[in-house]
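Working through the structure, step by step
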Amino acid sequence: MEQNVQFSRQDEQIGIMTLNRPEKANSLSVAMLQEINGIIQEVKHNQKIRCLLITGAGAKVFCAGADLKERRKMSEEEAKQAVLTIQQTFTAIESLPIPVIAVINGHALGGGLELALACDLRIARAEARLGLPETGLAIIPGAGGTQRLPRLIGIGKAKELIFTGASLRAEEAIQIGLIEHISSKDTLFQDSLTLARQITNNGPIALKEAKRAIQSGLDHDIHTGLAKEYEAYLRLLHTQDRIEGLRAFQEKRMPHYTGK
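Model, not experiment: these values are computed from the prediction.

1. Focus: the overall build of the protein
For the protein, the count of helices and strands is 11 helices and 10 strands. In terms of overall size, the protein behaves like a compact globule, its C-alpha atoms giving a radius of gyration of 19 Å where 260 residues would be expected to give roughly 18 Å. With the principal axes as the frame, the protein shows a C-alpha extent of 60 × 45 × 35 Å. When contacts within the protein are restricted to residue pairs at least 6 apart in sequence, those whose partners lie at least 24 apart make up 66%. Just so you have it, the protein exposes about 14,000 Å², and 54% of that area is on carbon and sulfur atoms. Positive and negative charge centroids in the protein, built from 32 and 30 side chains respectively, lie 2 Å apart.

Okay, here's the thing in structure tokens:
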């Protein structure tokens, strides 16, 4: 039986999670969410993986969000649980200690954009459209969109996108900081790997501490955030990687980091 989600590795250090329901616009069924959560746990506990890419199969849609055909058959209680499960899954992705990159191979609308928002960085195919159309269906973004979007692009623009339900072209999305990079269909995956390799060349413990410092400081005042940054820095002082970084700099060579 074909998997709803595929997982592979590149260069040992880069994990690649592919949503594999192109005939269903890579929409998130209950079974698919279970597979995603299994992969999240695998990545979380594998010290060799230093960066995760999340993408979709096919050339049209990154992810269409919840599987609405499946949702229509649910009772009210089942629907409540389904929404909570999607929200919790995206939070688990956001909470991974390593950098996560959304490789947006096609349209990312509704829950698909919310999935991308839970990632650290976003690189999109030039033809992709991104948006949160939920209010047009008399609902709201329920998988983190009302919280992550304003934190990323600002309150006013986030309200406009959510209230109108409008979708943006990739060129518009990059202008407001919704995505970090645009790529062509032919180079998207390679460009994503190049970005991931730029990340994984750096100290893996430092990457985790940098992500933790950024994430933990977002909801605090600057003084608390600076204290958290200092704590993170102190945790790096006695690592072997820090010493290796200094030696490599002095010897004018590439460092070899082991995550210790």
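2. Some thoughts on the confidence of the model for the protein
Mean pLDDT over the protein: 93, with 99% of residues reaching 70 or higher. Within the protein, helix 2 (residues 68-72) has the poorest average pLDDT of any element, 78, and strand 5 (residues 100-104) the best, 98.

3. Observations concerning the nonpolar core
Of all hydrophobic cores here, the largest spans 46 residues; its most connected members are Ile-36, Ile-54, Phe-62, Ile-93, Ile-104, Leu-149 and Leu-178. Counting residues per element, this core draws most heavily on helix 1 (residues 30-44), which supplies six residues. Discounting chain neighbours no more than four positions away, the residues touching Ile-54 are Met-17, Phe-62, Ile-93, Val-100, Ile-101, Ala-102, Val-103, Leu-115 and Cys-119. Within the second largest apolar cluster, 13 residues are counted, among which are Cys-51, Leu-53, Ile-101 and Ile-123.

4. Some remarks on the sheet that holds strand 6 (residues 107-109)
Reading across the sheet, the four strands line up as 4-6-8-9 and stay open at both edges, with mixed pairing between neighbours. Among the strands making up the open sheet, the edge pair consists of strand 4 (61-63) and strand 9 (167-169). Recorded for the sheet is a direction-independent mean angle of 25° between the axes of neighbouring strands. In this sheet, strand 8 (residues 129-131) lies alongside strand 6 in parallel orientation, the contact comprising two bridges. Residue pairing across strands places Leu-109 opposite Gly-131, the latter belonging to strand 8.

5. Concerning the sheet that holds strand 10 (residues 181-183)
In a beta sheet, neighbouring strands pair by backbone hydrogen bonds and run either parallel or antiparallel. Strand order in the open sheet made by the six strands is 1-2-3-5-7-10, with mixed pairing throughout. Since the sheet does not close on itself, it has two edges, and those belong to strand 1 (5-10) and strand 10, each with one partner. Adjacent strand axes in the sheet meet at a mean angle of 20° when their direction is disregarded.

6. Here's the deal with the state of the cysteines
As enumerated under the stated definition, the model contains zero disulfides in all. Between Cys-51, a free cysteine, and Cys-119, which holds the nearest cysteine sulfur, the sulfur-to-sulfur gap is 10.0 Å. A relative accessible area of 0% means that Cys-51 is categorised as buried. Residue Cys-63 stays outside any disulfide, its sulfur separated by 11 Å from that of Cys-119, the closest cysteine.

7. Thoughts on the packing of helix 1 against helix 3 (residues 76-94)
It is the contact of helix 1 with helix 3, at a shortest axis distance of 10 Å, that shows an interaxial angle of 20°. In terms of axis orientation, helix 1 runs roughly parallel to helix 3. Here helix 1 and helix 3 pass one another in a crossing that is left-handed. Of the residues in helix 3, those in contact with Leu-33, Ile-36, Asn-37 and Ile-40 of helix 1 are Thr-85, Ile-86, Thr-89, Ala-92 and Ile-93.

8. Thoughts on the packing of helix 9 (residues 204-217) against helix 10 (residues 222-234)
Where helix 9 contacts helix 10, the axes come no closer than 9 Å and their chain directions differ by 165°. The pairing of helix 9 with helix 10 is recorded here as roughly antiparallel in orientation. The hand of the helix 9/helix 10 crossing is right-handed. For the pair helix 9 and helix 10, contact is made by Glu-209, Ala-213, Ser-216 and Gly-217 and by Gly-225, Lys-228, Glu-229 and Ala-232, respectively. When the residues that make up the contact of helix 9 with helix 10 are grouped by side-chain class, the tally is two nonpolar, three polar and three charged.

Rules used in this analysis
Residues numbered from 1 in each chain as written. Predicted model: local features only at pLDDT ≥ 70, side-chain atom pairs only at ≥ 80, totals over all residues. Heavy atoms only, no water. Helix = DSSP H or I, 4+ residues; strand = E, 2+ residues; numbered from the N terminus. Rg over C-alpha atoms; globule rule 2.2 N^0.38 Å. Contact = heavy atoms within 4.5 Å. Areas by Shrake-Rupley, 256 points an atom, 1.4 Å probe, with all protein chains shown as cover. Lys, Arg positive; Asp, Glu negative; His and termini not counted. Charge placed at Lys NZ, Arg CZ, Asp CG, Glu CD. pLDDT = per-residue confidence, 0-100. Core = buried A, V, L, I, M, F, W, Y, C linked by side-chain atoms within 4.5 Å. Buried < 20%, exposed > 50% of the residue type's maximum accessible area, 1.4 Å probe, protein only. Pairing = 2+ DSSP bridges. Axes fitted to C-alpha atoms, helices over the stretch in contact; angles between N-to-C directions. Disulfide = S-S within 2.5 Å. Parallel < 35°, antiparallel > 145°, perpendicular 65-115°, else oblique. Left-handed = near helix turned anticlockwise from the far one by under 90°. Nonpolar A, V, L, I, M, F, W, Y, C, P; charged D, E, K, R; others polar.

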